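Descriptive analysis of the structure
Listed below, chain by chain, are the residues.
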2 protein chains.
Amino acid sequence: MANRLGRQTVALPAPVHILSHAAVGGKHEGEGPLADWFDQLCTDSFFGEKTWEKAESAMQKAALGKALEKAGLKPDDLDYILAGDLLNQCIGTSFGLRDFGIPFYGLYGACSTMGESLALGSLLVAGGFAERLGAMTSSHFCTAERQYRMPVPYGSQRTPTAQWTATAAGCAILGREGSGPAVTAVTCGKIVDKGITDANNMGAAMAPAAYDTLSAHFAATGTGPRDYDLVVTGDLGALGHQIVADLFARDGVDMGGNYTDCGLLLYDIQNQDMHAGASGCGCAASVLCGYLLGEMERGRWRRILFAPTGALLSPTSTCQGESIPSICHAVVIESV
Amino acid sequence: MANRLGRQTVALPAPVHILSHAAVGGKHEGEGPLADWFDQLCTDSFFGEKTWEKAESAMQKAALGKALEKAGLKPDDLDYILAGDLLNQCIGTSFGLRDFGIPFYGLYGACSTMGESLALGSLLVAGGFAERLGAMTSSHFCTAERQYRMPVPYGSQRTPTAQWTATAAGCAILGREGSGPAVTAVTCGKIVDKGITDANNMGAAMAPAAYDTLSAHFAATGTGPRDYDLVVTGDLGALGHQIVADLFARDGVDMGGNYTDCGLLLYDIQNQDMHAGASGCGCAASVLCGYLLGEMERGRWRRILFAPTGALLSPTSTCQGESIPSICHAVVIESV
């Protein structure tokens, strides 16, 4: 049976293998330092569709299709898919998955969705409830901007703390049997809200949630940042990454040089003028399902702690004066 | 280990008990035939808050609080809560749960969310990953109308196929140890889209998803409608309920008098002028967590098949000419 470590963390009874993984990105992702790790890059922000929302669905279709292809699987080989996105009512996912005929559990974890889908998916496989399943999410700069902030054609000026929502999708296929990197433990996050109200400063809003989940994970597993070759949060960007390091420093814990953030990795922040870095569900998803898992397969890292964060606000909650509740889900991925 | 019946259905290795359940409703719910089954009714559509969105969060707080109280539990006694709602970015849930400090997996299944949360929650408990957890969802007439259709103060005329979004929330506490009604099997739905584009006719859009999931469930378990004391879909209303019966009739299956729909139960449809019936996440959730589980405890039914449906559209997808993808998740609840 499962080895429950405290309330939030499960050490899986057997590793859940990542049978394949695929990342899809847009123009800016293709101009960044991780370009070579993408399975598909498209310079057309519409991905051949008529609207950006349909483009986001097209990215999910492409990511799932590529991941299935790389694993030598068909849609019918998946028992479930767990997925979600940032759009109102998660339409990137529902329209992206509509034609696949795969039993579907829809998730909403904002930009933590890749962590949430990997966590729940690993538990379903580990529990014997699925042989193989998919975990996926996406984001699109143009759909996110017009929904959360301003329509892109307005050309609104961006604050220094603003991050750039990745136009990207990532998909991982999990399975009971296999080889290569595998999920070995998961930690479910709690909602944390420290009162940040600036929707242009997601890093500051989400950093306390990352600190909360990572602290719970370290305590439950008796590990620290040094026990991982890489600790990587999802899309905190430059400011949020620093805040997490500062919060741990106050506890006497040095996060050290192995702590990074997908929001710092996806773009060449200075030269691509990305302000505080990348964000969006697709940021953590594509960095994991391209670069991170790819480098693990090459042997660069043996054990990583992947902890994407999500900001659970909406434009309506912001207009009603609310602060930004956030969450972070963490999974341990090891070469086994 | 789990007994997987085909691809979508799991017969749980041990029953997952419903330790307690609570339903919260608004004015119309309190004027309907199920009024006595609610734990809390509030005639103020704002539930003492300043906005309807905050009112929806207040309903979730109340439903969770009542369910915990009835089980003699504190928030710290729950390992997880699985919840979601209809609002953009599920803010009813994130703000409702913010102060409880319970590890949280956010779901988006539209009006199928009570089924999805019970299904995933039961699997987590059955897998040994949780001792106790909460499954919850909500909807609010005024938040849903202004988001999906028109602001309520416009007084727009409603079509005959329109349903009335319930102002209600339901919460069930699941646990490994206990007595009373228990979840014994779950069937995960696929996305089904038969091309319905009328956002005022959700029953027709969702009925094929209910038919798909119920058919899969019957086939996997070797059961039929006669094997359940009650088969109850979520919020198909009068039209959708009839379509499901018709679709089964074409297969030679008589759904019979034990097949009903929460959308037909919540209100006195004729006298309350509810057109095709009730809808919304809160419809299935409150009917289950009040009336259905209450009557099971009294011994009226021993075995029910609860199958709420969700329409995975958004106003944006409708404006972009898309049809309405739908889903249905089913759980078997038995007195054990």
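This text goes with the structure placed above it.
Residues numbered from 1 in each chain as written. Chains lettered and ligands numbered in written order. Predicted model: local features only at pLDDT ≥ 70, side-chain atom pairs only at ≥ 80, totals over all residues. Heavy atoms only, no water.

Remarks on the overall build of chain A
Check the secondary structure of chain A and you find 10 helices and 16 strands. Its C-alpha atoms give chain A a radius of gyration of 18 Å, near enough to 20 Å, the size a compact globule of 336 residues would have. Residue burial in chain A is summarised as follows: out of 336 residues, 67% are buried. Contacts in chain A between residues at least 24 apart in sequence constitute 77% of all its contacts with a sequence separation of at least 6. Taken as a whole, chain A presents about 10,500 Å² of accessible surface, with 48% of it coming from carbon and sulfur. One way to put it: in chain A the 23 positive side-chain charges average out to a point 3 Å from where the 34 negative ones average out. (Helix = DSSP H or I, 4+ residues; strand = E, 2+ residues; numbered from the N terminus. Rg over C-alpha atoms; globule rule 2.2 N^0.38 Å. Buried < 20%, exposed > 50% of the residue type's maximum accessible area, 1.4 Å probe, protein only. Contact = heavy atoms within 4.5 Å. Areas by Shrake-Rupley, 256 points an atom, 1.4 Å probe, with all protein chains shown as cover. Lys, Arg positive; Asp, Glu negative; His and termini not counted. Charge placed at Lys NZ, Arg CZ, Asp CG, Glu CD.)

Looking at the relation of the copies chain A and chain B
Rotating chain A by 180° and moving it 0.0 Å along the rotation axis overlays it on chain B with an RMSD of 0.0 Å. Here the symmetry operator amounts to a two-fold rotation axis. When the interface residues of chain A are mapped onto chain B, 100% of them again fall at the interface, so both copies present the same face. (Least-squares fit on C-alpha atoms with pLDDT ≥ 70 in both.)

Considerations on the nonpolar core
Of all hydrophobic cores here, the largest spans 122 residues; its most connected members are Leu64(A) and Leu64(B). When sequence neighbours within four positions are dropped, the list of residues in contact with Leu64(A) reads Leu78(A), Ile81(A), Leu97(A), Phe100(A), Ile102(A), Met136(A), Cys171(A) and Ile173(A). (Core = buried A, V, L, I, M, F, W, Y, C linked by side-chain atoms within 4.5 Å.)

So, the packing of aromatic side chains
One pair of aromatic rings is described through two measures. These are the centre distance and the angle between the planes. A complete count under the given rule lists 16 aromatic pairs over all chains for this structure. Pairing Tyr80(B) with Tyr105(B) gives two aromatic rings, centres 5.5 Å apart and planes at 35°, and the pair type is tilted. Here Tyr80(B) is found in strand 4 (residues 80–85), whereas its partner Tyr105(B) is found in strand 5 (residues 104–106), with 25 residues between them in sequence. Of the two residues examined, Tyr80(B) and Tyr105(B), each falls in the buried class. Put simply, the rings of Tyr211(A), Phe218(A), Tyr228(A) and Phe248(A) touch in pairs and so form one group of aromatic residues. (Phe/Tyr/Trp six-rings, centres within 6.5 Å; stacked < 30°, edge-to-face > 60°.)

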